[in-house]
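Residue-level listing of the chains:
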Amino acid sequence: MHEHLTTDCEEKKSVMFNSTSSDTLDLLLSNTSSLQTGGAVAVYKDSFFNALTKNIVAMLVWLTLSIINGSMVHTFLRHSLFYENPRYIMFIGMVINDALQLSLVTALYVGSYIFRKIHASVCCLLIMTAVLTTRSTPLILAGMAVERYIAICFPLHYSQMCTVPRTLLLIYIILILTATPPITDFLITIVKEPPSFFHTSIFCDHSLLFRDRSIYYKNCVFDGTYLSFVALTLLYTYCKIMLTARAASTSLVSVKRARNTVLLHGVQLLLCMLAFVVPSLQAALISLFPHLSLEIRYIFFLVVYIIPRFLSPVIYGFRDEQFRKYWTRYLACRSSFRVRPVVMKVNLQGKEQHQ
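This is a predicted model, so every value here is computed, not measured.

## Description of the overall build of the protein
Across its full length, the protein holds 13 helices and five strands. For the protein, buried positions account for 43% of its 355 residues. When contacts within the protein are restricted to residue pairs at least 6 apart in sequence, those whose partners lie at least 24 apart make up 80%. Within the structure as shown, the protein displays about 18700 Å² of accessible surface, and the carbon and sulfur contribution to it stands at 69%.

## Section: the state of the cysteines
Taken as a whole, this structure holds one disulfide when the rule is applied. What pairs with Cys 123 in a disulfide is Cys 204, and their sulfur atoms sit 2.2 Å apart. Given an S-S torsion of about 95°, the disulfide between Cys 123 and Cys 204 has right-handed geometry. Separated by 81 residues along the polypeptide, Cys 123 in helix α6 (residues 120–153) and Cys 204 in the loop between β5 (201–202) and α9 (206–209) bring together distant segments of the chain. The exposure classification of Cys 123 matches that of Cys 204, with both residues buried.

## A few points about the packing of aromatic side chains
Applying the stated rule across the entire model yields 15 aromatic pairs. Plain terms: the ring middles of Phe 82 and Tyr 88 are 4.9 Å apart, the flat faces sit at 65° to each other, and that makes the pair edge-to-face. For Phe 82, a relative accessible area of 0% puts it in the buried group. When the ring centre of Tyr 217 is taken as origin, the NZ or CZ atom of Arg 213, which lies over that ring, is 5.7 Å away. Over the ring of Tyr 326 we find Arg 329, and its NZ or CZ is 5.0 Å from the ring centre.

## A closer look at the pattern of salt bridges
Applying the stated criterion across every chain, the model contains four salt bridges. In this structure, Arg 135 engages Asp 223 in a salt bridge whose closest nitrogen and oxygen atoms are separated by 2.8 Å. On the criterion of sequence distance, the pair formed by Arg 135 in helix α6 and Asp 223 in helix α10 (residues 213–247) is long-range, its members being 88 residues apart. Summarising the burial analysis for this pair, Arg 135 and Asp 223 share the class buried. Between Arg 148 and Glu 147 there is a salt bridge, and its shortest N-O distance comes to 2.9 Å. On the basis of relative accessible area, Glu 147 is assigned to the buried category, the value being 5%.

## Regarding a nonpolar patch on the surface
Judged by side-chain polarity, Phe 48, Leu 52, Ile 56 and Leu 60 come together as a nonpolar surface patch covering roughly 430 Å² of accessible area. Position of Leu 52 among the secondary structure elements: in helix α3 (residues 48–78). Exposure remark for Leu 52: the relative accessible area of 41% places this residue in the partly exposed category.

## Here we look at the packing of helix α5 (residues 86–114) against helix α8 (residues 164–192)
The description of two helices packed together rests on the angle between their axes and the distance between the axes. At their nearest, the axes of α5 and α8 sit 9 Å apart, and the two run at 25° to each other. By the angle class used here, α5 and α8 are roughly parallel. Here α5 runs over α8; the crossing is right-handed. Note on element contacts: α8 touches α5 through Val 164, Thr 167, Leu 168, Leu 170 and Ile 171, opposite Pro 86, Ile 89 and Met 90. Tallied by class, the residues present in the contact of α5 with α8 amount to seven nonpolar, one polar and no charged.

Conventions and cut-offs
Residues numbered from 1 in each chain as written. Predicted model: local features only at pLDDT ≥ 70, side-chain atom pairs only at ≥ 80, totals over all residues. Heavy atoms only, no water. Helix = DSSP H or I, 4+ residues; strand = E, 2+ residues; numbered from the N terminus. Buried < 20%, exposed > 50% of the residue type's maximum accessible area, 1.4 Å probe, protein only. Contact = heavy atoms within 4.5 Å. Areas by Shrake-Rupley, 256 points an atom, 1.4 Å probe, with all protein chains shown as cover. Disulfide = S-S within 2.5 Å. Phe/Tyr/Trp six-rings, centres within 6.5 Å; stacked < 30°, edge-to-face > 60°. Lys NZ or Arg CZ within 6 Å of the ring centre and 35° of its normal. Salt bridge = Lys/Arg side-chain N within 4 Å of Asp/Glu carboxyl O. Patch = residues over 30% accessible without salt bridge, like charges linked within 9 Å, V, L, I, M, F, W, Y side chains within 5 Å. Axes fitted to C-alpha atoms, helices over the stretch in contact; angles between N-to-C directions. Parallel < 35°, antiparallel > 145°, perpendicular 65-115°, else oblique. Left-handed = near helix turned anticlockwise from the far one by under 90°. Nonpolar A, V, L, I, M, F, W, Y, C, P; charged D, E, K, R; others polar.

Written out as structure tokens, the structure is:
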């Protein structure tokens, strides 16, 4: 890591926003860090080897998860028992949302090393979509928890209460709710900024794109409200399922699995809420260990954006027996399809040699 001293006003402005912003994207997707030293700003930059290593790891994780998610979507679409079941519809919505979010965040992270600045309009599209997918995850978790609650506590009414049209309507409502904050951010920026702003090139992060202070306060209110709603929903459904399990005369496996599933949803929610705790914690760690600032940013990037993406395949891909059966069958067919032509080619060559 090389240490550079610069007094460039634009760099100071970028550093100031990155260090004070509460938006996690600002803090985690930057490939530089800074420390005020007297009259100059010390900017720490990754060496070529560190930058290359971090980007290779990020791309490999993205590729691995994309393959896993793609195989799950393919399994879901090939069997009607999945896309006619509200439970699996919610699950595949989570998988697609996670895949899109991971792709956007990885693109922003790698792009910050390749392009110092990009067109503001392109940055606006990327940031708004990334924010939408990030905020959709907790609400989808709440919907999935409510579905398990109805299945366990109201099994006789499940088929009437949880239908495919209602599930699709819930997903549309979630998209509308989570699209509202970034759209209002965009509208406020249109009103506050000159028309030429979206034709300029900027370093792509939320605080430099949506600079009005009212946007920050608006998002704090929205995030606090909807995260509290999701947390209360998960707590309520978990407690109800626990009471149902205790009231059951026998130890039902389905009740236990539903309880564990909602508990894992709670773990996912806690990981999602890290996005709102990370800025303060990261700033404190960077102030204590300024020379490790880039490594601290990278670790939080992995913890906040990468690790939670592994939980969806674990919760349903591996724990759900029915989905696992079809998913592993699909993976086995794909691997045998790749091996079979090689085996046939070897057999043909052996026959030719004998002849």
